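What follows is each chain in one-letter form.
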Amino acid sequence: MSRVLIIDDDPVICLFAEACLSAAGHQVLTAEDGETGLRLATGHRPDVVITDVMMPGIHGFGVVEAIRANPNLAGTRIVVCSMKSYASDIQQAKNAGADRFLAKPYTPEALQEVVAELVRS
């Protein structure tokens, strides 16, 4: 079983993603902002982190950069999610160190597939 951390300031999205991934057999942690998410990532060392871009405090790109700067989280795979899927946003996620970009709204199947691919790799 893999451990997945969802960081999103929208509680509905957190519940939706948690339900989708729990149904697929993953252990899921959630955080409502980047600071809480980084604390959970450091303490629980998830296999995959799924982070929203637009959040109060530390935004998603900052979360990605902080995870990538932490040697204890070197193996963590990261998915950045956003309602905007402009080429510049996708490139910024990649430049920050994200493994994948997932446009919102996403389907349960799309979320499960992305996480499964990253866990396998």
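One can find the structure itself at the top, above this paragraph.
Owing to the predicted nature of the structure, the values given are computational and were not obtained by experimental measurement.

Each value, and the rule that gives it
Residues numbered from 1 in each chain as written. Predicted model: local features only at pLDDT ≥ 70, side-chain atom pairs only at ≥ 80, totals over all residues. Heavy atoms only, no water. Helix = DSSP H or I, 4+ residues; strand = E, 2+ residues; numbered from the N terminus. Rg over C-alpha atoms; globule rule 2.2 N^0.38 Å. Areas by Shrake-Rupley, 256 points an atom, 1.4 Å probe, with all protein chains shown as cover. Lys, Arg positive; Asp, Glu negative; His and termini not counted. Charge placed at Lys NZ, Arg CZ, Asp CG, Glu CD. Buried < 20%, exposed > 50% of the residue type's maximum accessible area, 1.4 Å probe, protein only. Arc of directions from axis to C-beta. Contact = heavy atoms within 4.5 Å. Axes fitted to C-alpha atoms, helices over the stretch in contact; angles between N-to-C directions. Left-handed = near helix turned anticlockwise from the far one by under 90°. Nonpolar A, V, L, I, M, F, W, Y, C, P; charged D, E, K, R; others polar. Core = buried A, V, L, I, M, F, W, Y, C linked by side-chain atoms within 4.5 Å. Parallel < 35°, antiparallel > 145°, perpendicular 65-115°, else oblique.

Observations regarding the overall build of the chain
Looking only at helices and strands, the chain features five helices and five strands. When the helices and strands of the chain are placed in sequence order, the string is β-α-β-α-β-α-β-α-β-α. Taking 2.2 N^0.38 as the reference for a compact globule, 121 residues should give roughly 14 Å; the C-alpha atoms of the chain span a radius of gyration of 13 Å, in line with that estimate. Overall, the chain is about 30 × 30 × 25 Å in size when its C-alpha atoms are taken along their principal axes. Of the roughly 6100 Å² of accessible surface on the chain, a fraction of 55% belongs to carbon and sulfur atoms. Of the charged side chains in the chain, 10 are positive and 15 negative; the average position of the first set lies 8 Å away from that of the second.

Focus: helix α4 (residues 87–96)
The complete set of buried residues in α4 reads Asp89, Ala93 and Ala96. On an axial view of α4, the arc spanned by its buried residues comes to 70°, and they lie on one face. Opposite its buried face, α4 presents the exposed residues Ala87, Ser88, Lys94 and Asn95, each directed more than 90 degrees away. On its buried face, α4 sits against α3 (60–69), β4 (77–82) and β5 (100–103). Of the residues flanking the end of α4, it is glycine 97, one or two places downstream, whose phi is positive at about 120°.

Description of the packing of helix α1 (residues 11–23) against helix α5 (residues 108–120)
Running from N to C, α1 and α5 point in directions that differ by 60°, and their axes come no closer than 9 Å. Along this stretch, α1 crosses α5, giving a crossing that reads as right-handed. Residue-level inspection shows Phe16, Ala17, Cys20 and Leu21 of α1 in contact with α5, the latter providing Pro108, Leu111, Gln112 and Val115. Considering only residue class, the contact of α1 with α5 consists of seven nonpolar, one polar and no charged.

A word on the nonpolar core
With 21 residues, the main nonpolar core has Leu5, Ile7, Val63, Val64, Ile67, Val80 and Ala93 as its most contacted residues. Those elements that provide at least two residues to this core are β1 (3–7), β2 (27–31), α2 (34–44), α3, β4 and α4. No other element matches the four residues that α3 contributes to this core. If you look at the next biggest cluster of nonpolar residues, it comprises 18 residues, including Ala17, Leu21, Val79 and Leu102.

Describing unusual backbone geometry
Going from lysine 104 to proline 105, the amide bond is cis rather than trans, its omega being -5°. Positive phi outside glycine occurs at arginine 45, with the angle close to 45°. On the accessibility criterion, arginine 45 (51% relative accessible area) is exposed.

Re the packing of α3 against α4
α4 packs onto α3 with a crossing angle of 20° between their chain directions and a minimal axis gap of 8 Å. The angle between the axes of α3 and α4 places the two elements in the roughly parallel class. Considering only the axes of α3 and α4, their crossing is right-handed. Facing α3, whose interface residues are Phe61, Val64, Glu65 and Arg68, α4 presents Asp89, Gln92, Ala93 and Ala96.

A look at the environment of valine 114
With respect to the element layout, valine 114 can be found in helix α5. Put simply, valine 114 and valine 48 are 66 residues apart on the chain and 10.0 Å apart in space, counted from C-alpha to C-alpha. In this structure, valine 114 is in contact with Val79, Arg100 and Leu102, ignoring residues within four places of it in sequence.

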